[in-house]
Amino acid sequence: MTASILTVDDSPSIRVALKIALTNAGYSVAEAGNGAEGIEKAKASAFDLIITDLNMPVMDGLTMIEEMRRMPEQMGVPIVFLTTESDEGMKARAKAAGATGWLTKPFDPDQLVRIARKVLGR
Amino acid sequence: MSEEAIAVFQIEARENLELIEQGLLDLLERPEDRDLVDAVFRGLHTLKGSGSMFGFDALAGFTHHCETAFDRVRKGEVAATTDLVSAVLAARDHMRCLMEDPSGDHGAAGDVLLADLERAVREADGAACAVPAVVMQTWRIRFDLPANAFKNGTNPQALLAEIRDLGEALVIADTSRVPPLAQIDPTDHYLAWDVTLHSDQGRSAIEDVFIFVMDDMNLSIEALDETAAPETVVDATPVLPAEAAPVPVAPVQPAQTVANDPIDSSAAKTGQGRRERAGSGRTPRRTDGSRRRTGHRPVAPEPDRHSASSDTALRSVSEEIERLSGELRDTMMVLRMVPVATCFPASAVWSTIWPARRARSSSCRPTANAPRSTRPSSNGWPIHWSTSSATRPTTGWNRPGIASPPASRRPAAFACRRISRAARWSSPSATTAAVSIANGFAPRRRPRV
């Protein structure tokens, strides 16, 4: 069965790039433009993996992760955040908030798919 | 891909190519500068990745070779010689052509540049260009995960699968930290793992498996004898704390069998349990007769629950659940029964069904002067139906193209015989289920009153 992935990023081009790479790898992809929208989408349907940016308007990725981990139905859903190499402090905060892993920018499609397979186990 | 997205990519790629060029020019002056090497590698890596993402496959493919060459420089395998840097500089100009004119024919020029690059790498590498021999190494890996691993989306099965991808792995679950049932928080993680891995991969590859949880977990990676195969180290004392109670492992168990066992050991199976699954080929045990009563295949094989735990309280709960589920199943079977004898006397049932059977039987007979169908039947039974539409109903067994079974094997006739027999067995007050009989279930035989 195809794994479904929710990508949360305020940049449409990043969302498009994520969608192309993940769709080519056989995943089903849904998109959200910020953390609040991501939570709404996650409430509406179940996802196997959530990939989120951290700096976003309306609700940032960190708050979204914290909110999701408080929702019983989102407990255990892998959440991978996008970060830069210099963001070590933010990485630690996101891990403490309940993130599963991270993907360092810039990344190529192979890295993205490899990380998705790693956390999904398929 | 929209034109707007491609335009954004091209702007980004031009900036990237300029950075690569600047880095390469600086490297000609300072070939030992590791930061410059890293910066050039990152630029090539990004260009390759984004090119592939935006459909510039020729650019991505060509850049991949340069990236690979520079990866060797980055790892210190080859030096950043003038020839090598010059070859990448020339390749950088070709990358720009591939980016600006992706549909052009640049194949021949690219091949020449790649040949130059390959020669430069070979010269920089010298004798070290030979393919290094694969060295197999045995590793003892012990790890446990933080208690909140499940909550945060970490899947131990995925980690174990990644380890198995590295080589032959013998995985043993340490269940000593699993508390009694009443104290278990189902969202917490209590298991630890002891893995013997025989692989040609190094320590960094093993550490990469745990990259997301390494800061929060206990991980020990120990190199064992390089020549030892996993089978020979199974007998070795596991790397476990003295107070831990590792699950015993049989010394004769071949590691390959365990490594390829699709049933993961992460469900706290014992080593013994895994051996049974992998080696003995045992079939699921079903002693409660539920399959016979229900006529359905059991949903899942009954697990060997009792061997997994010596906890008598857990065993008692398990048996109670089993007993209750058996009663529930029996109750459901009773609910499926529709009393017939109480609604209709047995003779009435028979008199209702018998004419219908006779009518159907007579309508099934071919007419004397109607030709028989010669079409092949789809189910193997001979076609007895007349081709005359006047005598052929359009539903049921005699639909066009569907062959009729012998009358004695048709469901209605079958049910009639069963009902008839049930009526003989039953007293007027006994309940007999027409629905269940029609479904093929034998009514419980009752003694005559």
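Everything below is about the structure printed above this text.
An account of the accompanying structure is given in this report. (Residues numbered from 1 in each chain as written. Chains lettered and ligands numbered in written order. Predicted model: local features only at pLDDT ≥ 70, side-chain atom pairs only at ≥ 80, totals over all residues. Heavy atoms only, no water.)

## A look at the overall build of chain B
Scanning chain B from terminus to terminus reveals 16 helices and four strands. The long-range share in chain B, meaning contacts at least 24 apart out of those at least 6 apart in sequence, stands at 65%. Accessible surface, chain B as shown: approximately 25500 Å² in total, 56% of it carbon and sulfur. (Helix = DSSP H or I, 4+ residues; strand = E, 2+ residues; numbered from the N terminus. Contact = heavy atoms within 4.5 Å. Areas by Shrake-Rupley, 256 points an atom, 1.4 Å probe, with all protein chains shown as cover.)

## As for the pattern of salt bridges
Evaluation of the coordinates by the stated rule reveals 21 salt bridges over all chains. Taking the shortest distance from any N to any O, the salt bridge between A:Arg70 and A:Glu67 comes out at 3.1 Å. Here the residue A:Arg70 and the residue A:Glu67 both occupy positions in helix H3 (residues 61–70), the gap between them amounting to three residues, near one helical turn. Here A:Arg70 falls in the exposed class, since its relative accessible area comes to 59%. B:Asp216 is the partner of A:Lys95 in a salt bridge, and the nearest nitrogen-oxygen pair spans 3.8 Å. Separated into two different chains, A:Lys95 in helix H4 (residues 88–97) and B:Asp216 in the loop between helix H7 (203–209) and strand E4 (218–223) make up a pair that spans both. (Salt bridge = Lys/Arg side-chain N within 4 Å of Asp/Glu carboxyl O. Buried < 20%, exposed > 50% of the residue type's maximum accessible area, 1.4 Å probe, protein only.)

## Brief notes about the environment of B:Phe54
Residue and element names in this part refer to chain B. Relative to the assigned elements, Phe54 resides in the loop between helix H2 (34–53) and helix H3 (57–74). A residue is classified by how much of its surface remains accessible, and Phe54, at 15% relative accessible area, is buried. Distance from Phe54 to Ala5, taken between C-alpha atoms, is 7.9 Å for residues 49 residues apart in sequence.

## Some thoughts on the packing of helix H1 (residues 3–29) of chain B against helix H4 (residues 82–100) of chain B
All names here are of chain B. The interhelical angle for the contact between H1 and H4, taken along N-to-C directions, is 165 degrees, at an axis separation of 10 Å. Classified by the angle their axes make, H1 and H4 are roughly antiparallel. Taken as a pair, H1 and H4 cross one another with a handedness that is left-handed. In this structure, H1 contributes Phe9, Gln10, Ala13, Arg14, Leu17, Glu18, Ile20, Glu21, Leu24, Leu25, Leu27 and Leu28 to the contact, and H4 contributes Thr82, Val85, Ser86, Val88, Leu89, Arg92, Met95, Arg96, Met99 and Glu100. Tallied by class, the residues present in the contact of H1 with H4 amount to 13 nonpolar, three polar and six charged. (Axes fitted to C-alpha atoms, helices over the stretch in contact; angles between N-to-C directions. Parallel < 35°, antiparallel > 145°, perpendicular 65-115°, else oblique. Left-handed = near helix turned anticlockwise from the far one by under 90°. Nonpolar A, V, L, I, M, F, W, Y, C, P; charged D, E, K, R; others polar.)

## Let's talk about the interface of chain A and chain B
On the chain B side, the residues contacting the 24 residues of chain A number 23 residues. Approximately 1900 Å² of surface area, both sides summed, lies buried where chain A meets chain B, with 62% of it carried by carbon and sulfur atoms. Run the count over chain A and chain B and you get two salt bridges. There are nine residue pairs in polar contact (both at pLDDT 80 or more) connecting chain A and chain B. (Buried area = accessible area lost by both parts, 1.4 Å probe. Polar contact = N/O pair within 3.5 Å; in protein donor to acceptor, adjacent residues only side chain to side chain.)

## Description of helix H5 (residues 107–125) of chain B
All names here are of chain B. For H5, which comprises 19 residues, the first-to-last C-alpha distance of 26 Å matches the rise-based estimate of 27 Å (1.5 Å per residue) to within 8%. Among all positions of H5, only Gly110, Leu113, Leu117, Ala120, Val121, Ala124 and Asp125 are buried. All buried residues of H5 fall inside an arc of 125 degrees around its axis, so they share one side. Facing away from the buried side of H5 by more than 90 degrees, the exposed set consists of Ala108, Asp111, Val112, Glu118 and Glu123. (Expected span 1.5 Å × (residues − 1). Arc of directions from axis to C-beta.)

## What to know about unusual backbone geometry
A positive phi angle, close to 65 degrees, is found at A:Val58, a residue other than glycine. Here A:Val58 falls in the exposed class, since its relative accessible area comes to 71%.

## Quick look at a nonpolar patch on the surface
Residue and element names in this part refer to chain B. A cluster of nonpolar side chains, namely Val178, Leu181, Ile184, Leu314, Val317 and Ile321, defines an oily patch on the protein surface of about 450 Å² accessible area. Structurally, Leu314 can be placed in helix H13 (residues 312–335). Overall, Leu314 belongs to the partly exposed group, its relative accessible area being 33%. (Patch = residues over 30% accessible without salt bridge, like charges linked within 9 Å, V, L, I, M, F, W, Y side chains within 5 Å.)

## Looking at the packing of aromatic side chains
The full count for this structure, using the stated rule, is four aromatic pairs over all chains. An angle of 40 degrees between the planes, with centres 6.3 Å apart, marks the rings of A:Phe81 and A:Trp102 as tilted. Pair noted here: A:Phe81 is in strand E4 (residues 79–84) and A:Trp102 is in strand E5 (residues 101–105), with a separation of 21 residues, a long-range link. The exposure classification of A:Phe81 matches that of A:Trp102, with both residues buried. Through a chain of ring-to-ring contacts, three or more aromatic side chains come together here, namely A:Phe81, A:Trp102 and B:Phe212. One Lys or Arg, A:Lys118, reaches over the ring of B:Phe212 and ends 5.9 Å from the middle of that ring. The residue whose ring lies beneath B:Arg74 is B:Phe41, and the NZ or CZ to ring-centre distance is 3.9 Å. (Phe/Tyr/Trp six-rings, centres within 6.5 Å; stacked < 30°, edge-to-face > 60°. Lys NZ or Arg CZ within 6 Å of the ring centre and 35° of its normal.)

## Regarding the nonpolar core
Judged by nonpolar contacts, the single largest core of 80 residues is most densely connected at B:Phe70 and B:Met95. If you look at the next biggest cluster of nonpolar residues, it comprises 23 residues, including B:Phe143, B:Ala173, B:Ile206 and B:Val209. (Core = buried A, V, L, I, M, F, W, Y, C linked by side-chain atoms within 4.5 Å.)

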